[in-house]
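# A closer look at the structure
Listed below are the residues making up each chain.
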There are 2 protein chains.
Amino acid sequence: MAEKVPNNYSINDLISGIDNSNRLMLSKAITLIESKRPSDQKAATALIDAVLGKKPQSLRLGITGVPGVGKSTFIETFGLYAIEQGCKVAVLTVDPSSALSKGSILGDKTRMSKLSQSDQAFIRPSPSGSMTGGVANKTRETILLFEAAGYDVIIVETVGVGQSEVMVKDMVDFFLVLMLAGGGDELQGIKRGIMEMADGIAINKADGDNVKKAMLAKKSFESALHYFPAHPSGWKVPTETCSSLEGTGINTIWKQVHEFVDMTKSNGWFDQNRQKQNTHWLEELIQAKIKEAFYARSGTKEKVDALKSSIQAGEISVRNALNQMFPSS
Amino acid sequence: MAEKVPNNYSINDLISGIDNSNRLMLSKAITLIESKRPSDQKAATALIDAVLGKKPQSLRLGITGVPGVGKSTFIETFGLYAIEQGCKVAVLTVDPSSALSKGSILGDKTRMSKLSQSDQAFIRPSPSGSMTGGVANKTRETILLFEAAGYDVIIVETVGVGQSEVMVKDMVDFFLVLMLAGGGDELQGIKRGIMEMADGIAINKADGDNVKKAMLAKKSFESALHYFPAHPSGWKVPTETCSSLEGTGINTIWKQVHEFVDMTKSNGWFDQNRQKQNTHWLEELIQAKIKEAFYARSGTKEKVDALKSSIQAGEISVRNALNQMFPSS
């Protein structure tokens, strides 16, 4: 995998490449920050620190939805619309299932063929094979690189598996949940906690025979939203129908996202949220480091597992197990 | 506070006292496990290990609801009903607000005067002044002591503040959410995530002029439940109206709780849930220990705070901050 490490390029090459929106250099830069090699870490830090000074304006948009909801087509249509509005669009995927199976999100550009052909768009699949908390970290740093390279709409796509949505919600400004109109019981299928994370809801595939059902679903979701607490920013979470196929509703959603940005920038919530995300990012990394250091000690994992078994068997109390784990204290 | 430490009693006194349901010894035992004195820890561990062998049958019931929903009156009525059914009832409160203010849950027995007079009931207020994760740990151990002393219905009361409900949900078998019927908009006030934690919902104060409104609220909550995913055990979360004042609905809720226990005991979920809670308990304590050890190092907190400020000011990246925190790695 020697070609993945930018040995032929200096950090300055990468930095000036990013400055000039050079796609190859941007790609090499992302590969560098994704690298786990100890020898790459110093260069990666220098790179990230260098782009930090740029403080670009950007919109970070998270998009989620169950497999089959039409995320790729939506992102393609939405991305092309954003480009028409004069933006440069980057798409990143966070797909925790990809390491276990083929993945719910296909990790290639064939999904968004039109968008990937645009020189105003950059599509980067999920870092491969990493189920660890490292994904959040790498994705956050990739966002910074994209922003430094002049991409002003960063779309982070995820799929409703485990903690991935919580992770993405914690790195974006606006979290859009794609839904489908279904039978009367479609709302039963809403994933635990997802409605509460939404800054906006879009009912996709509202086209053809489906329009009427989508309108009903819209009403249904609107009343569902009444069961949830107010958005912490004061924002009223909108529900919209759209068709990626016919391109309807896309402009409304674009407008809603920007209304959200305008409102939260003027009331201060936008910046507060980013600051909170940054603080949380550091806390998470520190937490991960100290946990890693603890379990890296020889025999620790085995000891914890044995203690868990003893607890399950009712042989020892949790207090006793903790004492055995930390005898000195 | 010397009287709080049971110096005059041996561990054997406490253990045999608990065996005999001696209230004074039980009280002393709880004080011992709540103690933070290093010199008490060995005795506390011996005590907890001793009661562990008893493996009593019990029902752990969490009850939550906003201030004003009538938790005290409900618990008094429900507790007295449980005693009529031949049970012994213990009530514990977990109130994170009590350390900051007077507390939403009054920490004394005057709230449940009839229940507290019964020799089949034991009411224990929240461990005082502790906002830390220690509350969960102490409450879990207190549950074990109550069970060893023959209390077979353990009610853990909490109030909708911060993480306290998540904490209580993680230590009980059944989590009952008390609600009120209000105007048309009452559902707006539902706390983030609370509906998803409920194993049962009770609309309290369904008496007098309020009965009709309560019935409407019941329907409203029942349809709200459609917006949430199925209970992991296969249980269908019931909604019931009740009046602590008139005693109506209490028997139905009692029956529902026992239907839940029967169902989940026969499909294995009940035991799985308790096992999962125990494993999680140990993991939480380990996590807390290693975090504590990390921040206990001189200057660590100050360093983390300074790094956070630098991040907020845009001076350094999170990666750089982490490197400064862990220079060797």
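Note: the structure precedes this text.
The present account deals with the structure reproduced in this document. (Residues numbered from 1 in each chain as written. Chains lettered and ligands numbered in written order. Predicted model: local features only at pLDDT ≥ 70, side-chain atom pairs only at ≥ 80, totals over all residues. Heavy atoms only, no water.)

### Focus on the overall build of chain A
Put simply, the test is: For helices the rule is a DSSP run of H or I covering at least 4 residues; for strands it is a run of E covering at least 2, with both sets numbered from the N terminus onward. Relative accessibility thresholds used throughout: buried, under 20% of the residue-type maximum; exposed, over 50%; partly exposed, between the two (1.4 Å probe, protein chains only). Whether two residues are in contact is decided by their heavy atoms, any of which lying within 4.5 Å being enough. Residue burial considers only the protein chains on display, and all accessible areas are found by Shrake-Rupley using a 1.4 Å probe.
Scanning chain A from N- to C-terminus turns up 13 helices and 7 strands. The burial tally for chain A puts 53% of its 329 residues in the buried class. Relative to all contacts within chain A whose residues are 6 or more apart in sequence, the contacts with residues 24 or more apart total 74%. Of the roughly 14,700 Å² of accessible surface on chain A, 53% is carried by carbon and sulfur atoms.

### Here we look at the nonpolar core
To be explicit about the condition: Here, the term nonpolar core denotes a set of buried Ala, Val, Leu, Ile, Met, Phe, Trp, Tyr and Cys residues that are joined through side-chain atoms within 4.5 Å.
Ranked by size, the top nonpolar core spans 161 residues in total, and within it A:Phe74, A:Leu145, B:Phe74 and B:Leu145 carry the most contacts. Excluding residues within four positions of it along the chain, A:Leu145 makes contact with A:Ile18, A:Leu26, A:Ala29, A:Ile30, A:Ile33, A:Leu47, A:Ile48 and A:Val51.

### A few points about the relation of the copies chain B and chain A
So the rule is basically this: Overlaid copies result from least-squares superposition on C-alpha atoms, with residues included only where pLDDT is at least 70 in both.
Aligned on chain A, chain B shows an RMSD of 0.1 Å; the corresponding rotation is 180 degrees and the shift along the axis is 0.0 Å. Put plainly, the chains are arranged around a two-fold axis. Residue by residue, 100% of the interface of chain B is reproduced at the interface of chain A, so both copies engage with the same surface.

### Remarks on helix α9 (residues 211-225) of chain A
Turn by turn, an α-helix covers 3.6 residues, leaving residues three or four places apart pointing in a common direction. All names here are of chain A. Here is the rule we go by: Expected helix span is taken as 1.5 Å per residue step, with the number of steps being one fewer than the number of residues.
Look at α9: 21 Å from first C-alpha to last across 15 residues, which is about the 21 Å you get at 1.5 Å a residue. Buried residues of α9: Ala214, Ala217, Lys218, Ser220, Phe221, Ala224 and Leu225, and no others. For α9, the elements touching its buried residues are β5 (174-180), α8 (194-197), β6 (200-204) and β7 (239-241).

### Examining the pairing of strand β4 (residues 153-158) of chain A
Residue and element names in this part refer to chain A. What counts here: Only strands joined by at least two bridges in the DSSP assignment are considered to pair.
Burial analysis of β4 places 6 of its 6 residues in the buried class, the great majority of the element. Residues Val153, Ile155 and Glu157 line one face of β4 and the alternating positions Ile154, Val156 and Thr158 line the opposite face, and both faces are buried. The pairing of strand β2 (residues 89-94) with β4 spans 6 bridges and is classified as parallel. Bridge pairing links valine 89 to valine 153 in β4.

### Describing the pairing of strand β3 (residues 121-124) of chain B
Residues and elements named next belong to chain B. The two faces of β3 match: Ala121 and Ile123 on one face and Phe122 and Arg124 on the other face are all buried. Bridge count for strand β2 (residues 89-94) against β3 is 4 bridges, and the pairing is parallel. Bridge assignment links valine 89 to a residue of β3, and that residue is alanine 121.

### Regarding the interface of chain B and chain A
Basically, it comes down to this: Counted as salt bridges are all cases of a side-chain nitrogen of Lys or Arg within 4 Å of a carboxyl oxygen of Asp or Glu. Whenever two N or O atoms come within 3.5 Å, that pair is a polar contact, provided that in protein one can donate a hydrogen and the other can accept it, and provided that, for residues adjacent in sequence, both atoms are side-chain atoms. Just so you know the grouping, Ala, Val, Leu, Ile, Met, Phe, Trp, Tyr, Cys and Pro go in nonpolar, Asp, Glu, Lys and Arg go in charged, and all remaining residues, Gly too, go in polar.
Listed per partner, the contact involves 59 residues of chain B and 59 residues of chain A. Where chain B meets chain A, there are 4 salt bridges. Across the pair A:Arg319 and B:Glu141 runs a salt bridge, and its minimum N-O distance is 2.8 Å. Connecting chain B to chain A are 18 residue pairs in polar contact (both at pLDDT 80 or more). For the side of chain B that touches chain A, the secondary structure elements donating two or more residues are α3 (41-52), α6 (134-148), α9 (211-225), α11 (269-296), α12 (300-312) and α13 (318-325) of chain B. No other element matches α11(B), which puts 14 residues into the side of chain B that touches chain A. Class assignment of the residues belonging to the side of chain B that touches chain A gives a composition of 29 nonpolar, 17 polar and 13 charged.

### A short note on unusual backbone geometry
Glycine aside, a negative phi is what most residues show, and trans is what most peptide bonds show. Residues and elements named next belong to chain A. Positive phi outside glycine occurs at serine 21, with the angle close to 55 degrees. Mapped onto the elements, serine 21 comes out in the loop between α1 (11-19) and α2 (23-34). On the basis of relative accessible area, serine 21 is assigned to the partly exposed category, the value being 25%.

### Description of the sheet that holds β3(B)
Residue and element names in this part refer to chain B. The cut-off we apply is this: Angles here are taken between N-to-C directions and fall from 0 to 180 degrees, while the axes themselves are lines fitted to C-alpha atoms, restricted in helices to the stretch in contact.
The strand order β3-β2-β4-β1-β5-β6-β7 describes an open sheet built from 7 strands, whose pairing is parallel. Taken across any chain shown, the strands that pair with only one partner, and hence form the sheet edges, are β3 and β7 (239-241). In this sheet, neighbouring strand axes are inclined to one another by 20 degrees on average, regardless of whether the strands run parallel or antiparallel. Taken together, the 5 bridges between strand β5 (residues 174-180) and strand β6 (residues 200-204) define a ladder with parallel strand orientation. From the neighbouring strand, leucine 176 faces β6, where its bridge partner is glycine 200. Along the sheet, helix α10 (residues 250-266) makes contact with β1 (59-64), β4 (153-158), β5, β6 and β7, crossing β1 at roughly 130 degrees.

### What about the sheet that holds β2(A)?
Through backbone hydrogen bonds, the strands of a sheet pair up, either in parallel or in antiparallel fashion. Residue and element names in this part refer to chain A. The sheet built from 7 strands is open, its strands ordered β3-β2-β4-β1-β5-β6-β7 with parallel pairing. The open sheet terminates on both sides in strands that have one partner only, identified here as β3 (121-124) and β7. For this sheet, the mean inter-axis angle between neighbouring strands, taken without regard to orientation, is 20 degrees. On the sheet, helix α6 (residues 134-148) packs against β1 (59-64), β2, β3 and β4 and is oriented at approximately 175 degrees with respect to β2.

### Things to note about the packing of α1(A) against helix α3 (residues 41-52) of chain A
Residues and elements named next belong to chain A. Rules: Oblique is the label for any angle not covered by the other classes, which are roughly parallel (under 35 degrees), roughly antiparallel (over 145) and roughly perpendicular (65 to 115). The crossing is said to be left-handed when, going from far helix to near helix, the turn is anticlockwise and less than a right angle, and right-handed when the turn is clockwise.
The contact between α1 and α3 brings their axes to 10 Å, and the two run at 30 degrees. Classified by the interaxial angle, the pair formed by α1 and α3 is roughly parallel. Read as a crossing pair, α1 and α3 show a hand that is right-handed. Here Ile11, Leu14, Ile15 and Ile18 of α1 come into contact with α3, specifically with Ala43, Ala46, Leu47, Ala50 and Val51. In terms of residue class, the contact of α1 with α3 is made up of 9 nonpolar, no polar and no charged.

### Some words on the pattern of salt bridges
All names here are of chain A. Summed over all chains, the structure comprises 22 salt bridges over all chains. Across the pair aspartate 199 and lysine 169 runs a salt bridge whose closest N-O atoms are separated by 3.4 Å. With aspartate 199 in the loop between α8 and β6 and lysine 169 in helix α7 (residues 164-169), this residue pair connects regions lying 30 residues apart in the sequence. A relative accessible area of 2% means that aspartate 199 is categorised as buried. By relative accessible area, which is 24% here, lysine 169 ends up partly exposed. Here glutamate 222 and lysine 218 are joined by a salt bridge, their closest N and O atoms 3.0 Å apart. With a gap of 4 residues between them, glutamate 222 and lysine 218 both fall in helix α9, about one helical turn apart. Overlapping salt bridges, with partners in common, bring together Arg140, Asp170 and Glu284 in one network.

### Points about the side chain of A:Ser164
Locating A:Ser164 in the fold gives a position in helix α7. A distance of 3.1 Å separates a polar atom in the side chain of A:Ser164 from a polar atom in the side chain of A:Thr158.

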